[in-house]
Amino acid sequence: RPPSPLPPKSCTRSLCYNPPSLSAMMQRRAKHVVGPHGTTASNNDDDGGSAKHKTHPLLVPFAPRLPASIPPRSAAVSECSSRYCLPGVPAPLKFILLSFLGFAALMVMTAKDRHVHHHYKNHKEDSGIRGGMQKEMLHGVPHAPESLHKKIVREKYSQPQKSEGTDTINKAAERSASVEASERMLNQPSRFVDSEKKLKQQLLLLMEKQKAEKRSSASNPNDSVLGIKISNRYLGEDLLPYPESKGGEKEWEKLMQDRKKELSKVDTQEWKELMQQYSDMMEDIVQDTGVEDHSDESIHNSEEHMENNHVEDTTKEELSPPALAIPKHGTAKSKLWPTPAEKEGEDTTILLKPAFGTHRPASNAIFVFAEGYDLSIYLAFVESLVNTGYTGDVVLSISSEDKLKPDVKEYLLSKNARAGLNIVAYEVEWSCFKRSGQAASGSGEGMHHCQMNHAFGNASGEAIPDPREPRPVATARYELYWMWSLQYNSDSWLMLIDARDAWFQLDPFKGLATSVSPGDDVLVAGELHLFGENADVVRIGTSNYNRNWLVTAYGKNVVEPYFEKPVICSGSTMGQQVAIETYLRAMVAEFDATNCKSKGCDQGFHNYLYYSGKLGHENDDVIVEGIAKVIVHDQGKGIINNLGALRDKPLSEWGLYDAKKEVVLQWDGSVSAVAHQYDRDKEVNAMVRGKKRLFEKQWKDFVAQS
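Residues numbered from 1 in each chain as written. Predicted model: local features only at pLDDT ≥ 70, side-chain atom pairs only at ≥ 80, totals over all residues. Heavy atoms only, no water.

Student: Can you help me understand the environment of Ser612 in this one?
Tutor: Relative to the helices and strands, Ser612 is located in the loop between helix H15 (601-611) and strand E16 (627-633). Owing to a relative accessible area of 17%, Ser612 belongs among the buried residues under this scheme. The sequence separation of Ser612 and Val559 amounts to 53 residues, and the corresponding C-alpha distance is 8.6 Å. A polar contact is formed between the side chain of Ser612 and the backbone oxygen of Tyr608, at a distance of 2.6 Å. A polar side-chain atom of Ser612 sits 3.5 Å from the main-chain carbonyl oxygen of Leu609. (Helix = DSSP H or I, 4+ residues; strand = E, 2+ residues; numbered from the N terminus. Buried < 20%, exposed > 50% of the residue type's maximum accessible area, 1.4 Å probe, protein only. Polar contact = N/O pair within 3.5 Å; in protein donor to acceptor, adjacent residues only side chain to side chain.)

This is the structure in structure tokens:
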């Protein structure tokens with residue numbers, strides 16, 4: 001097939017001139033003819049021995065015989081290349097020029113990726129990965145450099161945007177959050193990484209000494225540093241990781257072992273703090289994913305968030321329990337715990353006063369932390385209690401008036417205006433903080449750490465700062481309960497209960513008698529009643545949350561004997577005032593001793609106090625001031641029926657709910673006085689929701705009539 005008479009396409013590239021017209025090409029063809037072996041010659045048939053008019057030798061056998069008027073393609077290409085593709089420029093120079101242009105184009109196309117890599121490399125060198133000290137996040141976990149971190153965030157989380165403006169805003173917010181997080185993490189010191197670097201420097205000095213000794217042999221073997229023992233851990237500036245010589249090994253080993261024990265204690269404490277941070281982070285994830293939670297009903301009460309995987313041990317060595325003496329059984333009464341106010345000083349006073357309502361010291365009382373709820377929660381709690389015929393006090397901690405939900409205050413005040421129970425409400429002012437230390441608005445449903453404002457004062461009555469560090473309100477509520485307990489007589493019965501998931505069916509104090517002997521003015525010691533979860537379904541060791549709270553607060557070796565014990569719920573406790581006041585002092589003291597700040601640690605304190613014997617055991621003689629005996633009620637056999645662990649099937653199938661009568665039952669078929677954690681069961685929760693609607697209608701009718 002003869003080649004196309006048109007010039008090759010290569011001549012149309014941007015580096016070539018445009019081809020001449022077809023007529024001009026036809027005129028030049030007459031100057032060339034094809035020889036018998038594929039060679040080309042001029043019309044004069046004189047090539048002068050020049051090789052430029054010959055084709056490549058390898059192509060000679062395959063050269064076609066074409067009419068003289070049509071030059072071969074190779075000739076056309078050569079002609080075009082020499083005349084129009086940078087004419088007069090030697091071929092090697094053309095190749096170099098084209099290579100340079102191609103390289104320049106490649107550099108332009110890869111500029112962005114090279115910039116990211118270059119910035120990352122320089123950042124590594126600046127932060128010490130190849131040189132000096134390395135910046136790391138908490139406790140030695142490395143953090144990605146800022147630029148790389150931003151790129152990861154963009155690639156992983158960025159989504160197509162609908163508009164350029166939205167895209168710009170999102171990128172700006174992303175960049176700001178990334179930079180802030182990176183700076184915060186990179187500025188965290190790491191004792192572990194710094195120690196490894198110092199250890200390396202010390203060992204390098206040893207290596208230099210050994211090299212020097214090899215060059216000049218030591219006269220005394222005891223002075224040699226060859227073959228001496230070394231430590232694989234940094235021991236400090238004052239103790240090298242190796243002896244000064246062979247003769248000093250024994251003395252050095254003794255010092256090394258003592259130092260390692262000291263460092264091990266420090267490691268244990270830091271590991272405990274790291275686990276605390278991890279626990280807080282997981283709670284933040286639960287909050288961010290939208291899981292419903294409330295400050296007065298810690299996750300632990302129901303175990304509904306229990307995972308299948310076991311929580312790993314958070315400590316490797318035994319942590320010393322709080323330095324509180326535990327008296328032996330049968331000894332004289334002793335006071336173990338100071339009052340919560342004494343942390344700031346013995347002359348500390350209580351400034352907190354009710355927002356409305358008045359305590360009645362001779363009455364029984366129910367204490368409830370009920371901040372942040374809407375009217376329906378208060379309706380279910382109070383109206384179900386009123387329907388039992390209860391006429392004692394209900395002491396509530398509610399949100400400040402500017403944050404209180406609509407109609408809540410009006411409803412609570414209306415109860416005091418009518419005969420029946422007595423409402424006492426406290427509006428506590430909190431200063432709350434996020435995990436990062438940034439100020440937060442409100443307790444964040446128990447996730448934020450908070451301090452009470454204007455709760456304590458000095459001897460002159462002037463307000464002083466909260467003597468305790470910020471902690472979850474679920475932990476701080478025990479200080480409120482303690483303040484409230486002081487308003488009642490020693491023989492009054494008090495109940496501590498969660499607000500959102502408590503449903504009353506009988507008067508919880510009916511039939512309970514005081515223990516005051518004739519002629520006594522004060523009850524010396526009272527009963528303390530605790531209420532357990534279902535022991536057949538959950539134990540401390542099988543509950544990830546309960547197990548982790550105890551291990552985090554006290555250490556595995558201290559609490560491991562309790563792993564087979566039933567879980568005792570901290571959201572439901574009752575007893576006589578003298579016993580409850582002592583119990584509340586103990587709960588606050590456990591926080592002071594352990595500094596456990598996870599939401600739910602109060603349940604760990606609660607179980608530890610009982611199983612460690614600090615509160616005494618069932619039917620024991622008085623061992624602490626205020627507590628005559630401690631009684632633990634199995635699930636479904638006490639005044640308060642904890643239902644949260646029974647989630648495998650409906651309560652009606654367990655025989656604990658009568659749908660026709662709409663009542664929750666005990667295991668013996670009798671009616672439970674208090675159904676706690678009722679909302680875990682669909683049937684019971686639906687029943688209570690129906691009652692709430694009825695109570696709301698009654699309240700609206702009352703308001704309309706008023």
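From this point, the discussion proceeds with the structure in view.
Student: How should I be thinking about the state of the cysteines in this particular structure?
Tutor: In protein structure, a disulfide is the covalent linkage between the sulfur atoms of two cysteines. As enumerated under the stated definition, the model contains two disulfides in all. With a sulfur-sulfur separation of 2.1 Å, Cys432 is cross-linked through a disulfide to Cys450. On the sign convention where negative means left-handed, the S-S torsion of about 110° between Cys432 and Cys450 marks this disulfide as right-handed. With Cys432 in strand E7 (residues 429-433) and Cys450 in strand E9 (residues 449-453), this residue pair connects regions lying 18 residues apart in the sequence. Accessibility expressed as a relative area gives 0% for Cys450, which makes it buried. Note that Cys596 is cross-linked by a disulfide to Cys601, the S-S spacing being 1.8 Å. (Disulfide = S-S within 2.5 Å.)

Student: What is the right way to look at the packing of aromatic side chains in this model?
Tutor: Centre-to-centre distance and the angle between the planes together describe a pair of aromatic rings. One pass over the full model with this rule turns up 18 aromatic pairs. Centre to centre, the rings of Tyr478 and Tyr481 are 5.9 Å apart; their planes meet at 75°, and the pair counts as edge-to-face. One end of the pair, Tyr478, and the other, Tyr481, are both in helix H11 (residues 473-485), three residues apart, so they sit about a helical turn from each other. What makes Tyr481 buried here is its relative accessible area of 2%. With 5.2 Å between their ring centres and 70° between their planes, Tyr610 and Tyr611 make a pair best called edge-to-face. (Phe/Tyr/Trp six-rings, centres within 6.5 Å; stacked < 30°, edge-to-face > 60°.)

Student: What's the story with the nonpolar core in this structure? I'm lost.
Tutor: Soluble globular proteins: nonpolar side chains tend toward being buried together. Counting residues in hydrophobic clusters, the biggest one holds 65 residues, and the most contacted among them are Phe367, Trp430, Leu528, Val559 and Leu615. Beyond its immediate sequence surroundings of up to four residues, Phe367 is in contact with Val395, Tyr481, Trp484, Ser485, Tyr488, Leu494, Met495, Leu496 and Ile497. Residues Tyr373, Ala499, Ile640 and Tyr657 belong to the second largest nonpolar core, which totals 50 residues. (Core = buried A, V, L, I, M, F, W, Y, C linked by side-chain atoms within 4.5 Å. Contact = heavy atoms within 4.5 Å.)

Student: Looking at this model, I keep getting lost on the packing of helix H9 (residues 375-386) against helix H17 (residues 682-705). Mind explaining?
Tutor: Packed helices, taken two at a time, are described by their axes: the angle between them and the distance between them. At their nearest, the axes of H9 and H17 sit 9 Å apart, and the two run at 95° to each other. In terms of orientation, H9 and H17 fall into the roughly perpendicular class. Residues Leu375, Ser376, Ile377, Leu379, Ala380, Glu383 and Ser384 of H9 form the contact with H17, whose participating residues are Lys692, Phe695, Glu696 and Trp699. (Axes fitted to C-alpha atoms, helices over the stretch in contact; angles between N-to-C directions. Parallel < 35°, antiparallel > 145°, perpendicular 65-115°, else oblique.)

Student: How do you make sense of the side chain of Arg585 when you look at a structure like this?
Tutor: Summarising the element assignment, Arg585 is placed in helix H14 (residues 577-594). For Arg585, the side chain forms a polar contact with the main-chain oxygen of Trp337, separated by 2.7 Å. For Arg585, the side chain forms a polar contact with the side chain of Glu581, separated by 3.0 Å.

Student: Quick question: what am I supposed to make of the pattern of salt bridges here?
Tutor: Two side chains bearing opposite charge may form a pair once their charged atoms approach each other closely. Within the structure shown, the criterion is met by 22 salt bridges. When the shortest N-O distance is used, the salt bridge between Asp238 and Arg259 registers 3.1 Å. Pair noted here: Asp238 is in the loop between helix H7 (191-215) and helix H8 (249-288) and Arg259 is in helix H8, with a separation of 21 residues, a long-range link. Arg468 is paired through a salt bridge with Glu479; the nearest N and O atoms lie 3.5 Å apart. You can see Arg468 sitting in the loop between strand E11 (463-464) and H11 and its partner Glu479 sitting in helix H11, a full 11 residues away along the chain. Residue class for Arg468 comes out buried when judged on its relative accessible area of 2%. For Glu479, a relative accessible area of 2% corresponds to the buried category. The structure contains a network of salt bridges with shared partners spanning Asp466, Arg468, Arg471, Glu479 and Asp592. (Salt bridge = Lys/Arg side-chain N within 4 Å of Asp/Glu carboxyl O.)

Student: I keep staring at the sheet that holds strand E13 (residues 502-504) and nothing clicks. Help me out?
Tutor: Neighbouring strands of a sheet are bound in pairs by backbone hydrogen bonds; such pairs are parallel or else antiparallel. Strand order in the open sheet formed by three strands is E13-E20-E17, and the pairing between neighbours is mixed. Two strands close off the open sheet at either side, each with one partner strand: E13 and strand E17 (640-642). Direction aside, neighbouring strands of the sheet carry axes that sit 20° apart on average. Direction of pairing for E17 relative to strand E20 (residues 674-676): parallel, over a ladder of three bridges. (Pairing = 2+ DSSP bridges.)

Student: Help me understand a nonpolar patch on the surface in this model?
Tutor: Together, Leu97, Leu98, Phe100 and Leu101 give the surface a local cluster of nonpolar side chains, amounting to about 380 Å² of exposed area. For Leu101, a relative accessible area of 40% corresponds to the partly exposed category. (Patch = residues over 30% accessible without salt bridge, like charges linked within 9 Å, V, L, I, M, F, W, Y side chains within 5 Å. Areas by Shrake-Rupley, 256 points an atom, 1.4 Å probe, with all protein chains shown as cover.)

Student: Just checking my understanding: could you explain the sheet that holds E11 for this structure?
Tutor: Ordered in space as E3-E10-E11, the three strands form an open sheet in which the pairing is antiparallel. Two strands in the sheet have a free side with no partner beyond their single neighbour: strand E3 (349-350) and E11. The pairing of E3 with strand E10 (residues 456-457) spans two bridges and is antiparallel. The residue of E10 that forms the bridge with Thr349 is Gly457.

Student: Could you clarify how one ought to interpret the packing of helix H12 (residues 544-554) against H15 in this entry?
Tutor: Orientation of H12 relative to H15, taken along the N-to-C sense of each, is 80°, at an axis distance of 8 Å. Between H12 and H15, the angle falls in the class roughly perpendicular. In contact with Asn546, Trp549, Leu550, Ala553 and Tyr554 of H12, H15 contributes Cys601, Gln603, Gly604, Phe605, Asn607 and Tyr608.

Student: Explain unusual backbone geometry to me, please; I cannot follow it from the model alone.
Tutor: Most of the time, phi is negative for any residue but glycine, and the peptide bond is trans. Its identity as a non-glycine residue notwithstanding, Asp407 has a phi of 70°, on the positive side. Relative to the elements of secondary structure, Asp407 occurs in the loop between strand E5 (393-398) and helix H10 (408-417). Its identity is not glycine, yet Glu662 carries a phi of approximately 55°, on the positive side. Taking relative accessible area as the criterion, Glu662 reaches 34% and is therefore assigned partly exposed.

Student: What am I meant to see in a negative patch on the surface here?
Tutor: Where like charges cluster on the molecular surface, the negative patch consists of Glu342, Glu344, Glu346 and Asp347. Position of Asp347 among the secondary structure elements: in the loop between H8 and E3. Classification of Asp347 as partly exposed rests on a relative accessible area of 46%. (Lys, Arg positive; Asp, Glu negative; His and termini not counted. Charge placed at Lys NZ, Arg CZ, Asp CG, Glu CD.)

Student: Please explain the environment of Ser400 as it appears in this structure.
Tutor: Considering the arrangement of structural elements, one finds Ser400 in the loop between E5 and H10. Judged by relative accessible area, Ser400 falls into the partly exposed class, the value being 23%. The spacing of Ser400 and Ala355 is 45 residues in sequence and 9.2 Å in space, taken between C-alpha atoms.

Student: Explain the pairing of strand E4 (residues 365-369) to me, please; I cannot follow it from the model alone.
Tutor: Across a regular strand the side chains alternate sides, sitting on one face of the sheet and then on the other. Counted residue by residue, E4 has five buried out of five residues, so it is predominantly covered. Of the two faces of E4, both are covered, the one formed by Ala365, Phe367 and Phe369 as well as the one formed by Ile366 and Val368. Looking at chain direction, E4 and E5 are connected through five bridges and run parallel. Its bridge partner lying in E5, Phe367 is registered against Val395. Handedness of the crossover joining E4 and E5 through H9: right-handed. Judged from the three bridges that link them, E4 and strand E12 (residues 493-497) form a sheet pairing that is parallel. (Right-handed = clockwise from strand over helix to strand, strands pointing away.)

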